[in-house]
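Listed here are the chains, written in short residue letters.
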Amino acid sequence: MEAKSIPGLREAPVGVLPAEGIGREALKGALRDYLALTKPRITALVLASAAAGFLLGGTTFDLSLFLHAMAGVALVAAGTSAMNQVLERDVDALMVRTRSRPLPAGRMNTLPAAVFSGFLAAAGIIWLAISVNLITAMLAAATFISYDFVYTPLKRVSSLSTVVGAVPGALPILGGWTAATGQFDPGGWALFGILFVWQLPHFLALAWLLRDDYGSAGLRMLSVGDAEGLQTRRQTVLYTLTLIPVSLMPSVLGLTGPLYFAAALLLGAAFLWTALQFGRKASAATARRLFRASILYLPLLMAILVVDKV
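Below you will find a few notes about this structure. Just so you know, these numbers come straight off a predicted model, no measurement behind them.

### Structural notes on the pattern of salt bridges
Two side chains of opposite charge can pair, provided their charged atoms sit close to one another.
Stage number 1. Overall, the coordinates contain four salt bridges when judged by the stated rule.
Stage number 2. In this structure, the salt-bridge partner of D92 is R101, at a minimum N-O distance of 3.2 Å.

### Considerations on the packing of aromatic side chains
Stage number 1. One pass over the structure, following the stated rule, counts twelve aromatic pairs.
Stage number 2. Note on F184 and W189: the rings are 5.5 Å apart at their centroids and 25° apart in plane angle, and the pair reads as stacked.
Stage number 3. We classify F184 as partly exposed; its relative accessible area is 41%.
Stage number 4. When the centroid spacing of 5.6 Å and the interplanar angle of 80° are considered together, the rings of W189 and F192 count as edge-to-face. Residue W189 and its partner F192 are located together in helix α8 (residues 186-209), separated by three residues, close to a single helical turn.
Stage number 5. Judged by relative accessible area, which is 42%, W189 ranks as partly exposed.

### Regarding helix α3 (residues 63-87)
Stage number 1. In a regular helix each residue adds 1.5 Å, so 25 residues correspond to 36 Å; α3 covers 36 Å between its end C-alpha atoms and thus fits that length.
Stage number 2. Where α3 starts, the residue carrying a side-chain oxygen 3.2 Å from the main-chain nitrogen of S64 turns out to be D62.

Parameters at a glance
- Residues numbered from 1 in each chain as written.
- Predicted model: local features only at pLDDT ≥ 70, side-chain atom pairs only at ≥ 80, totals over all residues.
- Heavy atoms only, no water.
- Salt bridge = Lys/Arg side-chain N within 4 Å of Asp/Glu carboxyl O.
- Phe/Tyr/Trp six-rings, centres within 6.5 Å; stacked < 30°, edge-to-face > 60°.
- Buried < 20%, exposed > 50% of the residue type's maximum accessible area, 1.4 Å probe, protein only.
- Helix = DSSP H or I, 4+ residues; strand = E, 2+ residues; numbered from the N terminus.
- Expected span 1.5 Å × (residues − 1).
- Polar contact = N/O pair within 3.5 Å; in protein donor to acceptor, adjacent residues only side chain to side chain.

Right, dumping it as structure tokens:
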């Protein structure tokens, strides 16, 4: 059947999109790249952490305050992730799992990415200061500064970066608590302690799986150069064992009842069992099992914390 042309429509050469189509595709691509800078999955995890802190800290639920807190936290988390990609664009270009990100792939220039990051972080901190409270805004600023300008460059220098990086990783749940209460309390610090310790075996398992990638990029992770995994295994077991008493602190402080206490013990024991398997033999299989256990452990623990709140 012969194709009929539509009157008034000028045909484009074969294989060439109309200019409007090219513009739309370029815009969509740019939006995808800016979204990728914010690391949406990590931002979602930060939000979940802050939400748990808010729910556990408040005696009554203020929906307006909660939404303002989540909006500010989301902006700061997105800006922090974007700045991390700006600062590590050369490292990202050397690693298989990150070389397709917007900056190392050459789809975006550094200046607009840096401006985008700074705008998001500043907007989030100001939002929290005006709509929530100054303490939470200061914690958000501390998260941005410590993650991007302390932890990020330290990764090139020392394996202690893992411990240092756990601080900004644990601050959002404390920020959620202060957003609800307006002050620092032992309960908020107990939640901070849980997230701080949990991150260490979680990241050590990931670092073992990605040790070749990290080594090729010149990052000084504990697993890089630890051929038999002796130090990595020892520290993983130690941190996972430490997590059990730390996870019981909310019950000790009277924040939760017996349900959480029992669940924390069971979850901690299961997590420790996977850490001991990794401790006996560092392999891709045991590290992957430990990493998956860490991903299951935290949301289950947080959910039971919220449900069993006294």
